[in-house]
Amino acid sequence: MSRVYNFSAGPAALPEEVLKQAQEEMLDWQGSGMSVMEMSHRGKEFMSIAAQAEADLRELMAIPDNYKVLFLQGGASSQFSMVPMNLLRGKASADYINTGSWSKKAIAEAKKYCQVSVVGETPAGEFTVPSAESLKLNADAAYLHYTPNETIQGIEFPYVPASGDVPLVGDFSSTILSRPVDVSKYGVIYAGAQKNIGPAGLTVVIVRDDLVGETVAGTPAMFDYQIQADGESMYNTPPTYGWYLAGLVFQWLKRNGGLTAMAETNQRKAAALYAAIDGSGFYNNPVELSCRSWMNVPFTLADAGLDAKFLTEAKEAGLVTLKGHRSVGGMRASIYNAMPEAGVQALIDFMADFEKRNG
Ligand SMILES: Cc1ncc(COP(=O)(O)O)c(C=O)c1O
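Just so we're clear, the structure is a prediction, and the values are computed from it rather than from any experiment.

## Structural notes on the sheet that holds strand β5 (residues 144-146)
Thinking step 1. Across the sheet, which stays open at both edges, the 7 strands sit in the order β2-β10-β9-β8-β5-β3-β4 with mixed pairing between neighbours. In this open sheet, the two edge strands, each paired with only one partner strand, are β2 (67-72) and β4 (115-121). Taken pair by pair, the neighbouring strands of this sheet meet at an average axis angle of 20°, ignoring direction.

## Here we look at the side chain of Asp224
Thinking step 1. As for its placement among the helices and strands, Asp224 is situated in the loop between β10 (203-208) and α5 (225-230).
Thinking step 2. No salt bridge is formed by the buried Asp224; the nearest opposite charge belongs to Arg89, separated by 8.8 Å.
Thinking step 3. For Asp224, the residues in contact, after removing those within four places along its chain, are Met82, Asn86, Thr215 and Thr219.

## Some words on helix α2 (residues 44-61)
Thinking step 1. For α2, with 18 residues, the first-to-last C-alpha span of 26 Å sits near the 26 Å given by 1.5 Å per residue.
Thinking step 2. Turning to α2, its buried residues number three or more, namely Phe46, Ile49, Ala50, Ala53, Asp56, Leu57, Arg58, Leu60 and Met61.
Thinking step 3. Downstream of α2 by a residue or two, Ala62 has a phi angle that is positive, lying close to 50°.

## Describing the site of the ligand
Thinking step 1. The environment of the ligand is made up of Gly75, Ala76, Ser77, Phe80, Trp102, Thr147, Asn149, Thr151, Asp171, Ser173, Gln194 and Lys195.
Thinking step 2. At 2.4 Å, a side-chain N or O of Thr151 approaches an oxygen atom of the ligand.
Thinking step 3. Contact distances for the ligand include 3.0 Å between an oxygen atom and a side-chain N or O atom of Gln194.
Thinking step 4. With 4 residues, the single largest contributor to the shell around the ligand is helix α3 (residues 75-87).

## Thoughts on the side chain of Asn285
Thinking step 1. Topologically, Asn285 is positioned in the loop between β11 (283-284) and β12 (296-301).
Thinking step 2. Residue class for Asn285 comes out buried when judged on its relative accessible area of 5%.
Thinking step 3. Among the polar contacts made by the side chain of Asn285, one reaches the main-chain amide nitrogen of Val287 at a distance of 3.0 Å.
Thinking step 4. Polar contacts involving the side chain of Asn285 include one to the main-chain carbonyl oxygen of Pro298, which spans 2.7 Å.
Thinking step 5. Those residues in contact with Asn285 that lie beyond four places of it in its chain are Tyr274, Ile277, Arg292, Val297 and Pro298.

## So, the pattern of salt bridges
Thinking step 1. Counted by the stated rule, this structure contains 15 salt bridges.
Thinking step 2. Between Lys254 and Asp56 there is a salt bridge whose closest N-O contact spans 2.7 Å. Here the residue Lys254 occupies a position in helix α6 (residues 240-255), and Asp56 occupies one in helix α2, the gap between them amounting to 198 residues.
Thinking step 3. Taking relative accessible area as the criterion, Asp56 reaches 2% and is therefore assigned buried.
Thinking step 4. Of the charged contacts in the structure, one is a salt bridge between Arg268 and Glu341, with a shortest N-O distance of 2.8 Å. Linking Arg268 in helix α7 (residues 258-278) with Glu341 in helix α9 (residues 341-358), this pair joins segments that are 73 residues apart in sequence.

So, how was this worked out
- Residues numbered from 1 in each chain as written.
- Predicted model: local features only at pLDDT ≥ 70, side-chain atom pairs only at ≥ 80, totals over all residues.
- Heavy atoms only, no water.
- Pairing = 2+ DSSP bridges.
- Helix = DSSP H or I, 4+ residues; strand = E, 2+ residues; numbered from the N terminus.
- Axes fitted to C-alpha atoms, helices over the stretch in contact; angles between N-to-C directions.
- Buried < 20%, exposed > 50% of the residue type's maximum accessible area, 1.4 Å probe, protein only.
- Lys, Arg positive; Asp, Glu negative; His and termini not counted.
- Salt bridge = Lys/Arg side-chain N within 4 Å of Asp/Glu carboxyl O.
- Contact = heavy atoms within 4.5 Å.
- Expected span 1.5 Å × (residues − 1).
- Near = heavy atom within 4 Å.
- Polar contact = N/O pair within 3.5 Å; in protein donor to acceptor, adjacent residues only side chain to side chain.

If you want it as C-alpha coordinates, here you go:
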(Lines give C-alpha, C1' and ligand atoms only; values in the text may rest on other atoms or scores of the structure.)
Protein backbone atom coordinates (compact mmCIF):
# COMPACT_ATOMS: atom_id res chain seq x y z
CA MET A 1 0.00 0.00 0.00
CA SER A 2 1.31 3.42 -0.77
CA ARG A 3 -0.52 6.51 0.38
CA VAL A 4 -0.05 9.85 -1.36
CA TYR A 5 -0.10 13.34 0.06
CA ASN A 6 -3.53 14.52 -1.06
CA PHE A 7 -3.99 18.30 -1.28
CA SER A 8 -7.64 18.12 -2.31
CA ALA A 9 -9.91 20.99 -1.21
CA GLY A 10 -12.66 18.52 -0.40
CA PRO A 11 -13.45 15.73 -0.05
CA ALA A 12 -10.04 15.93 1.54
CA ALA A 13 -7.45 13.76 3.24
CA LEU A 14 -8.44 12.13 6.52
CA PRO A 15 -6.01 11.21 9.30
CA GLU A 16 -4.47 7.84 8.46
CA GLU A 17 -4.98 6.67 12.06
CA VAL A 18 -8.71 7.31 11.69
CA LEU A 19 -8.92 5.35 8.46
CA LYS A 20 -7.04 2.45 10.05
CA GLN A 21 -9.35 2.43 13.05
CA ALA A 22 -12.38 2.46 10.75
CA GLN A 23 -10.83 -0.42 8.83
CA GLU A 24 -10.25 -2.42 12.01
CA GLU A 25 -13.81 -1.81 13.14
CA MET A 26 -15.38 -2.26 9.72
CA LEU A 27 -16.78 -5.78 10.13
CA ASP A 28 -17.35 -5.82 13.87
CA TRP A 29 -17.73 -2.59 15.79
CA GLN A 30 -16.63 -3.22 19.38
CA GLY A 31 -18.06 -6.72 19.63
CA SER A 32 -21.44 -5.80 18.18
CA GLY A 33 -20.88 -8.27 15.34
CA MET A 34 -21.74 -5.67 12.73
CA SER A 35 -20.41 -2.68 10.90
CA VAL A 36 -21.51 0.79 12.01
CA MET A 37 -22.96 1.06 8.50
CA GLU A 38 -25.35 -1.76 9.27
CA MET A 39 -26.61 -0.52 12.63
CA SER A 40 -30.01 0.91 13.37
CA HIS A 41 -29.60 4.58 14.11
CA ARG A 42 -31.92 4.09 17.07
CA GLY A 43 -30.05 1.14 18.54
CA LYS A 44 -28.00 1.62 21.69
CA GLU A 45 -24.69 1.10 19.86
CA PHE A 46 -25.20 3.88 17.36
CA MET A 47 -26.84 6.15 19.94
CA SER A 48 -23.65 5.85 22.00
CA ILE A 49 -21.48 6.67 18.96
CA ALA A 50 -23.63 9.71 18.17
CA ALA A 51 -23.65 10.99 21.75
CA GLN A 52 -19.89 10.56 22.12
CA ALA A 53 -19.24 12.45 18.87
CA GLU A 54 -21.40 15.34 20.02
CA ALA A 55 -19.78 15.42 23.46
CA ASP A 56 -16.31 15.40 21.91
CA LEU A 57 -17.15 18.19 19.47
CA ARG A 58 -18.62 20.23 22.32
CA GLU A 59 -15.44 19.71 24.32
CA LEU A 60 -13.09 20.48 21.40
CA MET A 61 -14.86 23.70 20.42
CA ALA A 62 -15.94 24.62 23.98
CA ILE A 63 -19.51 24.95 22.72
CA PRO A 64 -21.66 26.64 25.37
CA ASP A 65 -24.72 24.74 26.71
CA ASN A 66 -27.15 27.16 25.08
CA TYR A 67 -26.19 25.90 21.63
CA LYS A 68 -27.59 22.89 19.79
CA VAL A 69 -25.26 20.72 17.75
CA LEU A 70 -26.90 19.13 14.71
CA PHE A 71 -25.51 16.37 12.48
CA LEU A 72 -27.39 16.86 9.22
CA GLN A 73 -27.26 16.02 5.53
CA GLY A 74 -27.42 18.27 2.49
CA GLY A 75 -23.97 19.82 2.69
CA ALA A 76 -23.09 23.38 3.56
CA SER A 77 -25.10 24.36 0.48
CA SER A 78 -28.36 23.38 2.16
CA GLN A 79 -27.46 25.76 4.98
CA PHE A 80 -27.49 28.56 2.41
CA SER A 81 -31.29 28.04 2.50
CA MET A 82 -31.75 26.80 6.06
CA VAL A 83 -30.15 29.91 7.51
CA PRO A 84 -32.69 32.36 6.03
CA MET A 85 -35.56 29.91 6.55
CA ASN A 86 -34.82 29.70 10.27
CA LEU A 87 -33.26 33.04 11.10
CA LEU A 88 -35.42 35.58 9.31
CA ARG A 89 -38.03 35.36 12.08
CA GLY A 90 -40.35 37.89 10.54
CA LYS A 91 -37.63 40.25 9.34
CA ALA A 92 -37.38 41.31 5.73
CA SER A 93 -33.64 41.56 5.22
CA ALA A 94 -30.29 40.05 6.09
CA ASP A 95 -26.72 41.33 5.81
CA TYR A 96 -24.10 39.42 3.84
CA ILE A 97 -20.38 39.98 3.34
CA ASN A 98 -19.32 38.94 -0.14
CA THR A 99 -15.71 37.77 -0.25
CA GLY A 100 -15.76 35.22 -3.03
CA SER A 101 -17.32 32.18 -4.67
CA TRP A 102 -18.99 30.64 -1.61
CA SER A 103 -20.34 33.94 -0.28
CA LYS A 104 -21.90 34.53 -3.68
CA LYS A 105 -23.69 31.20 -3.59
CA ALA A 106 -25.00 31.88 -0.09
CA ILE A 107 -26.24 35.30 -1.20
CA ALA A 108 -27.96 33.93 -4.31
CA GLU A 109 -29.87 31.44 -2.19
CA ALA A 110 -30.82 33.97 0.51
CA LYS A 111 -32.28 36.27 -2.14
CA LYS A 112 -35.05 33.71 -2.62
CA TYR A 113 -36.25 34.44 0.90
CA CYS A 114 -35.38 38.02 1.76
CA GLN A 115 -33.78 41.23 0.77
CA VAL A 116 -30.01 40.88 0.94
CA SER A 117 -27.79 43.82 1.86
CA VAL A 118 -24.21 43.27 0.82
CA VAL A 119 -22.51 45.17 3.63
CA GLY A 120 -18.94 44.58 2.52
CA GLU A 121 -17.36 43.15 -0.56
CA THR A 122 -14.09 42.00 -2.04
CA PRO A 123 -13.71 43.80 -5.38
CA ALA A 124 -13.56 41.45 -8.38
CA GLY A 125 -10.05 40.23 -9.06
CA GLU A 126 -8.76 41.21 -5.61
CA PHE A 127 -7.67 38.80 -2.92
CA THR A 128 -8.53 40.46 0.35
CA VAL A 129 -11.47 40.95 2.72
CA PRO A 130 -13.20 44.24 3.54
CA SER A 131 -11.88 45.88 6.71
CA ALA A 132 -13.93 45.70 9.91
CA GLU A 133 -14.38 49.49 9.85
CA SER A 134 -15.71 49.51 6.29
CA LEU A 135 -18.66 47.17 6.95
CA LYS A 136 -21.98 48.98 6.66
CA LEU A 137 -24.05 46.85 9.02
CA ASN A 138 -27.81 47.25 9.43
CA ALA A 139 -29.05 47.15 13.00
CA ASP A 140 -32.40 45.72 11.89
CA ALA A 141 -30.96 42.88 9.79
CA ALA A 142 -32.14 39.39 10.74
CA TYR A 143 -28.53 38.21 10.79
CA LEU A 144 -25.07 38.86 9.34
CA HIS A 145 -23.62 36.07 7.20
CA TYR A 146 -19.98 35.71 6.20
CA THR A 147 -17.51 33.12 5.00
CA PRO A 148 -14.50 33.08 7.37
CA ASN A 149 -12.47 31.11 4.83
CA GLU A 150 -13.09 31.25 1.09
CA THR A 151 -11.91 27.84 -0.05
CA ILE A 152 -11.46 28.79 -3.70
CA GLN A 153 -9.74 32.17 -3.39
CA GLY A 154 -7.70 31.11 -0.34
CA ILE A 155 -8.59 34.18 1.68
CA GLU A 156 -9.66 34.25 5.28
CA PHE A 157 -10.89 36.86 7.73
CA PRO A 158 -8.22 38.02 10.18
CA TYR A 159 -11.07 39.24 12.43
CA VAL A 160 -14.55 38.23 13.57
CA PRO A 161 -17.13 40.77 12.35
CA ALA A 162 -18.70 42.57 15.31
CA SER A 163 -22.41 42.30 14.58
CA GLY A 164 -23.67 43.59 17.92
CA ASP A 165 -27.13 42.23 18.69
CA VAL A 166 -27.57 40.92 15.15
CA PRO A 167 -26.85 37.16 15.10
CA LEU A 168 -23.59 36.34 13.34
CA VAL A 169 -23.62 33.36 10.95
CA GLY A 170 -20.39 31.78 9.70
CA ASP A 171 -19.89 29.27 6.89
CA PHE A 172 -17.01 27.44 8.52
CA SER A 173 -16.82 24.65 5.94
CA SER A 174 -13.12 25.00 5.22
CA THR A 175 -11.83 26.30 8.54
CA ILE A 176 -13.78 24.57 11.31
CA LEU A 177 -11.54 22.76 13.82
CA SER A 178 -8.40 24.38 12.40
CA ARG A 179 -8.06 26.53 15.54
CA PRO A 180 -10.09 27.56 18.59
CA VAL A 181 -13.17 29.69 17.88
CA ASP A 182 -15.23 31.71 20.36
CA VAL A 183 -18.57 30.06 19.60
CA SER A 184 -20.42 32.51 21.83
CA LYS A 185 -19.86 35.24 19.22
CA TYR A 186 -22.04 33.34 16.75
CA GLY A 187 -25.70 32.65 16.21
CA VAL A 188 -24.95 29.84 13.77
CA ILE A 189 -21.77 28.06 12.72
CA TYR A 190 -22.12 25.51 9.93
CA ALA A 191 -19.77 23.33 7.93
CA GLY A 192 -19.83 20.58 5.35
CA ALA A 193 -17.81 17.74 6.84
CA GLN A 194 -15.65 16.82 3.88
CA LYS A 195 -12.67 19.03 4.67
CA ASN A 196 -11.82 19.06 8.37
CA ILE A 197 -14.47 16.84 9.95
CA GLY A 198 -14.95 13.62 8.03
CA PRO A 199 -16.47 12.26 4.83
CA ALA A 200 -18.89 14.10 2.55
CA GLY A 201 -22.55 13.58 3.36
CA LEU A 202 -22.50 15.03 6.85
CA THR A 203 -23.09 18.67 7.74
CA VAL A 204 -22.47 20.05 11.21
CA VAL A 205 -24.61 22.94 12.44
CA ILE A 206 -24.08 24.71 15.77
CA VAL A 207 -27.02 26.98 16.51
CA ARG A 208 -27.90 29.14 19.52
CA ASP A 209 -31.11 28.07 21.28
CA ASP A 210 -32.98 31.33 20.80
CA LEU A 211 -32.61 31.10 17.01
CA VAL A 212 -34.48 27.83 16.83
CA GLY A 213 -38.26 27.53 16.61
CA GLU A 214 -39.54 29.95 14.02
CA THR A 215 -39.36 29.31 10.28
CA VAL A 216 -40.62 30.96 7.12
CA ALA A 217 -43.89 29.56 5.75
CA GLY A 218 -43.41 26.43 3.71
CA THR A 219 -40.12 25.39 5.32
CA PRO A 220 -39.71 21.64 4.81
CA ALA A 221 -39.47 19.62 8.03
CA MET A 222 -35.96 18.53 7.07
CA PHE A 223 -34.91 22.19 6.93
CA ASP A 224 -36.36 23.18 10.30
CA TYR A 225 -33.70 23.50 13.02
CA GLN A 226 -36.35 22.96 15.71
CA ILE A 227 -37.52 19.66 14.22
CA GLN A 228 -33.95 18.51 13.72
CA ALA A 229 -33.01 19.50 17.27
CA ASP A 230 -36.11 17.89 18.81
CA GLY A 231 -35.31 14.70 16.93
CA GLU A 232 -31.64 14.84 17.98
CA SER A 233 -30.71 14.98 14.27
CA MET A 234 -32.68 11.77 13.74
CA TYR A 235 -35.90 13.14 12.29
CA ASN A 236 -35.05 10.85 9.40
CA THR A 237 -32.21 8.36 9.00
CA PRO A 238 -29.06 10.38 9.65
CA PRO A 239 -25.74 9.90 7.81
CA THR A 240 -24.67 7.32 10.37
CA TYR A 241 -21.32 6.29 8.96
CA GLY A 242 -20.20 9.87 8.37
CA TRP A 243 -21.25 10.73 11.91
CA TYR A 244 -19.20 7.81 13.25
CA LEU A 245 -16.13 8.80 11.20
CA ALA A 246 -16.48 12.39 12.37
CA GLY A 247 -16.46 11.01 15.90
CA LEU A 248 -13.20 9.18 15.20
CA VAL A 249 -11.71 12.44 13.87
CA PHE A 250 -12.83 14.27 17.03
CA GLN A 251 -11.10 11.60 19.16
CA TRP A 252 -7.98 11.93 17.01
CA LEU A 253 -8.03 15.70 17.57
CA LYS A 254 -8.37 15.21 21.31
CA ARG A 255 -5.45 12.74 21.37
CA ASN A 256 -3.36 15.27 19.48
CA GLY A 257 -3.80 18.25 21.76
CA GLY A 258 -7.12 19.66 20.57
CA LEU A 259 -7.60 22.85 18.62
CA THR A 260 -4.81 24.84 20.29
CA ALA A 261 -2.29 22.28 19.10
CA MET A 262 -3.96 22.16 15.67
CA ALA A 263 -3.68 25.94 15.39
CA GLU A 264 0.04 25.83 16.13
CA THR A 265 0.69 23.12 13.58
CA ASN A 266 -1.54 24.69 10.96
CA GLN A 267 0.10 28.05 11.36
CA ARG A 268 3.54 26.48 10.98
CA LYS A 269 2.46 24.53 7.90
CA ALA A 270 0.96 27.59 6.22
CA ALA A 271 3.90 29.86 7.14
CA ALA A 272 6.38 27.38 5.65
CA LEU A 273 4.45 27.09 2.39
CA TYR A 274 3.90 30.85 2.00
CA ALA A 275 7.58 31.47 2.79
CA ALA A 276 8.56 29.02 0.06
CA ILE A 277 6.26 30.77 -2.42
CA ASP A 278 7.33 34.28 -1.46
CA GLY A 279 11.02 33.31 -1.36
CA SER A 280 10.96 32.13 -4.94
CA GLY A 281 10.89 34.26 -8.05
CA PHE A 282 8.87 31.53 -9.73
CA TYR A 283 5.74 31.01 -7.61
CA ASN A 284 3.18 33.60 -6.63
CA ASN A 285 0.30 33.79 -4.17
CA PRO A 286 -2.02 36.73 -4.87
CA VAL A 287 -3.58 37.08 -1.41
CA GLU A 288 -2.96 40.11 0.80
CA LEU A 289 -0.69 39.03 3.65
CA SER A 290 -3.18 39.58 6.48
CA CYS A 291 -5.88 37.51 4.75
CA ARG A 292 -3.93 34.45 3.70
CA SER A 293 -5.75 31.24 4.44
CA TRP A 294 -4.12 28.64 6.67
CA MET A 295 -6.13 25.95 4.92
CA ASN A 296 -6.19 26.66 1.17
CA VAL A 297 -3.11 28.04 -0.52
CA PRO A 298 -3.53 28.98 -4.18
CA PHE A 299 -0.39 29.73 -6.16
CA THR A 300 0.60 30.27 -9.76
CA LEU A 301 3.74 29.42 -11.68
CA ALA A 302 5.66 32.16 -13.51
CA ASP A 303 4.78 30.39 -16.76
CA ALA A 304 1.27 28.90 -16.91
CA GLY A 305 2.55 26.77 -19.79
CA LEU A 306 4.34 24.70 -17.15
CA ASP A 307 1.19 23.94 -15.12
CA ALA A 308 0.52 20.55 -16.71
CA LYS A 309 4.15 19.48 -16.29
CA PHE A 310 4.10 20.60 -12.65
CA LEU A 311 0.98 18.55 -11.96
CA THR A 312 2.29 15.44 -13.72
CA GLU A 313 5.63 15.52 -11.96
CA ALA A 314 4.03 16.32 -8.61
CA LYS A 315 1.82 13.30 -9.01
CA GLU A 316 4.83 11.13 -9.80
CA ALA A 317 6.33 12.42 -6.55
CA GLY A 318 3.20 11.35 -4.63
CA LEU A 319 1.72 14.86 -4.32
CA VAL A 320 -1.80 14.88 -5.78
CA THR A 321 -4.86 17.07 -6.37
CA LEU A 322 -2.88 20.29 -6.64
CA LYS A 323 -4.74 21.71 -9.64
CA GLY A 324 -6.23 25.09 -8.80
CA HIS A 325 -9.92 25.85 -9.08
CA ARG A 326 -10.86 26.72 -12.66
CA SER A 327 -11.94 30.22 -11.60
CA VAL A 328 -8.52 31.08 -10.16
CA GLY A 329 -6.18 28.91 -12.23
CA GLY A 330 -2.70 27.70 -11.28
CA MET A 331 -2.39 25.44 -8.24
CA ARG A 332 -4.08 25.12 -4.89
CA ALA A 333 -2.70 23.20 -1.95
CA SER A 334 -5.33 22.50 0.69
CA ILE A 335 -3.58 21.73 3.94
CA TYR A 336 -6.28 20.86 6.43
CA ASN A 337 -5.66 19.27 9.84
CA ALA A 338 -5.03 15.82 8.39
CA MET A 339 -2.17 17.02 6.16
CA PRO A 340 0.99 16.25 8.13
CA GLU A 341 3.86 18.72 8.27
CA ALA A 342 5.91 16.16 6.33
CA GLY A 343 3.42 16.46 3.47
CA VAL A 344 3.80 20.22 3.32
CA GLN A 345 7.59 19.84 3.45
CA ALA A 346 7.48 17.30 0.62
CA LEU A 347 5.51 19.83 -1.46
CA ILE A 348 7.98 22.62 -0.63
CA ASP A 349 10.94 20.41 -1.59
CA PHE A 350 9.25 19.39 -4.85
CA MET A 351 8.46 23.03 -5.69
CA ALA A 352 12.09 24.08 -5.12
CA ASP A 353 13.36 21.24 -7.27
CA PHE A 354 10.83 22.00 -10.04
CA GLU A 355 11.84 25.65 -10.01
CA LYS A 356 15.52 24.70 -10.26
CA ARG A 357 14.83 22.57 -13.31
CA ASN A 358 12.37 24.94 -15.02
CA GLY A 359 12.83 28.41 -13.58
C1 LIG B 1 -16.73 27.64 2.16
C2 LIG B 1 -17.63 26.61 1.53
N3 LIG B 1 -18.96 26.74 1.65
C4 LIG B 1 -19.81 25.85 1.10
C5 LIG B 1 -19.36 24.78 0.39
C6 LIG B 1 -20.34 23.82 -0.20
O7 LIG B 1 -20.34 22.69 0.58
P8 LIG B 1 -21.20 21.41 0.21
O9 LIG B 1 -20.58 20.81 -1.00
O10 LIG B 1 -21.07 20.58 1.45
O11 LIG B 1 -22.59 21.83 -0.02
C12 LIG B 1 -17.97 24.57 0.26
C13 LIG B 1 -17.48 23.40 -0.49
O14 LIG B 1 -16.40 23.28 -0.94
C15 LIG B 1 -17.10 25.53 0.83
O16 LIG B 1 -15.78 25.39 0.69
